[in-house]
Amino acid sequence: MRKMLFELNGTKAVAEMLEDVVPKTCDAVWKILPVEGMSIHANWASREIMLHLAGDKILRLPAEGQLRRTTAPGDIVYFWRSPQMSRGKQLAYGAQFQRELSEFAIFYGEPAGGGLAAEDPPRTGRDSNLQVSTLFARFIDAPAEFLRKCEEIRHRGLQKLVVTRLEG
Amino acid sequence: MARKIRISFPGDGASVTADLLEDDAPNTCEALWGLLPLRLKAIHDIWSGHQVLAHLDNKVVLEPENVLTYLPMPGDIFYYYRPAHYFRGAPYGRSESAEVGIVYDRDTRPQGPRGPEAVNLFANISSGRDQFAKACEDMIYRGQKELLIEKVE
């Protein structure tokens, strides 16, 4: 299985792609690596940080795999939301994210309900194909220090996150 | 005439005035009024949408009151308490927590891992919400901020 390296504020974690479950999503993600940006903490989806995909790294992928409503700590999800789903503007997002969202959603801790609000069908339009949420990787080595740095984003604000291929 | 409180982010120069809902939540209003002024660390919620929280001393344990509201409006201010081990898992589930929550925009529903939580709605912002809401949303990007709650007399 292909692996990805996540680097956040001097700490590292390794994830394994779920190629046997969602091969097309994994291929598409692999092709855009490396990606980097300022990661932001979720405000609906529990203990989750997000990395917005920008510029030529933006992915617009169809749904793949099982329909999923909840998440577990260590899950890494590709998330896309149609522009018409959003209301208003997110202050610190780049202009391209003020309507459309294309991102990695990284569930770093427990409880990682992740779905009770974020996947609420009436609110998200998920059942209208206006949103894609595909679990495509899971952490296989995420030290406590890395998870603590994820949590710190809630307390200290945005932090740089770099995601690269882990080869060899 | 309802008693009023002022809630401010001193670092941002943003503040609002809120009316206490004394008819609907008399005990909560009285208890919170008696604690003022309060200088607290506010943090953005991660479950509920457009909502910030400030943790009170955990000794501030109030009975449920006016708790029909789990679909608050922008500008609503509430008190929430959970005992230790109410949820599973660290760091949030095991710890006791008494909080004041401020809803600054739509699409918000106070909730935790098990779903929506009913809260004691005890005040509503009556002026200054727009600038204050920007200071609240800014916490997603910049982290915690100092929050001041005072009596308006």
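One can find the structure itself at the top, above this paragraph.
Residues numbered from 1 in each chain as written. Chains lettered and ligands numbered in written order. Predicted model: local features only at pLDDT ≥ 70, side-chain atom pairs only at ≥ 80, totals over all residues.

Undergrad: Just to check I follow, could you spell out the sheet that holds strand E3 (residues 38-44) of chain B for this structure?
TA: Within a sheet, neighbouring strands are paired by backbone hydrogen bonds and run either parallel or antiparallel to one another. Residue and element names in this part refer to chain B. On the basis of which strands lie adjacent, the closed barrel formed by eight strands has the order E1-E2-E9-E5-E6-E4-E3-E10 and antiparallel pairing. Pairs of neighbouring strands in the sheet enclose a mean axial angle of 35°, with direction left out of account. Here strand E1 (residues 4-9) runs beside strand E10 (residues 145-152); their pairing, made up of five bridges, is antiparallel. Bridge assignment links isoleucine 7 to a residue of E10, and that residue is isoleucine 149. Of the strands in this sheet, strand E2 (14-20), E3, strand E5 (76-82), strand E9 (120-127) and E10 touch helix H1 (residues 26-35), which is tilted by about 65° from E9. Sheet strands touched by helix H2 (residues 129-137): E1, E2, strand E4 (51-56), strand E6 (97-103) and E9. Its angle to E2, the strand with the most contacts, is close to 115°. (Pairing = 2+ DSSP bridges. Helix = DSSP H or I, 4+ residues; strand = E, 2+ residues; numbered from the N terminus. Axes fitted to C-alpha atoms, helices over the stretch in contact; angles between N-to-C directions. Contact = placed C-beta atoms within 7 Å.)

Undergrad: Honestly, unusual backbone geometry in this entry has me stumped. Any pointers?
TA: Of all residues except glycine, most have a negative phi; of all peptide bonds, most are trans. Residue A:Leu33 is joined to A:Pro34 through a cis peptide bond whose omega torsion reads 10°. Mapping A:Pro34 onto the fold places it in the loop between helix H1 (23-32) and strand E3 (35-41). Of note, the bond from B:Leu36 into B:Pro37 is cis; its omega dihedral lies within 30 degrees of zero at 5°. Locating B:Pro37 in the fold gives a position in the loop between H1 and E3. Of note in the backbone geometry, A:Asn9 takes a positive phi value of approximately 55° without being a glycine.

Undergrad: Could you clarify how one ought to interpret the sheet that holds strand E8 (residues 159-166) of chain A in this entry?
TA: All names here are of chain A. If you trace the eight strands once around the closed barrel, you get E1-E2-E7-E5-E6-E4-E3-E8, paired in antiparallel fashion. Across the sheet, the mean angle separating the axes of adjacent strands is 35° when strand polarity is ignored. As paired strands, strand E5 (residues 75-81) and strand E7 (residues 131-141) are joined by seven bridges and run antiparallel to one another. Directly across from tyrosine 78, in E7, lies its bridge partner threonine 134. Along the sheet face, H1 touches strand E2 (11-17), E3, E5, E7 and E8 and points at about 70° away from the line of E7. Sheet strands in contact with helix H3 (residues 144-156) are strand E1 (3-8), E2, E3, strand E4 (48-52) and E8, and its direction is about 105° off that of E2.

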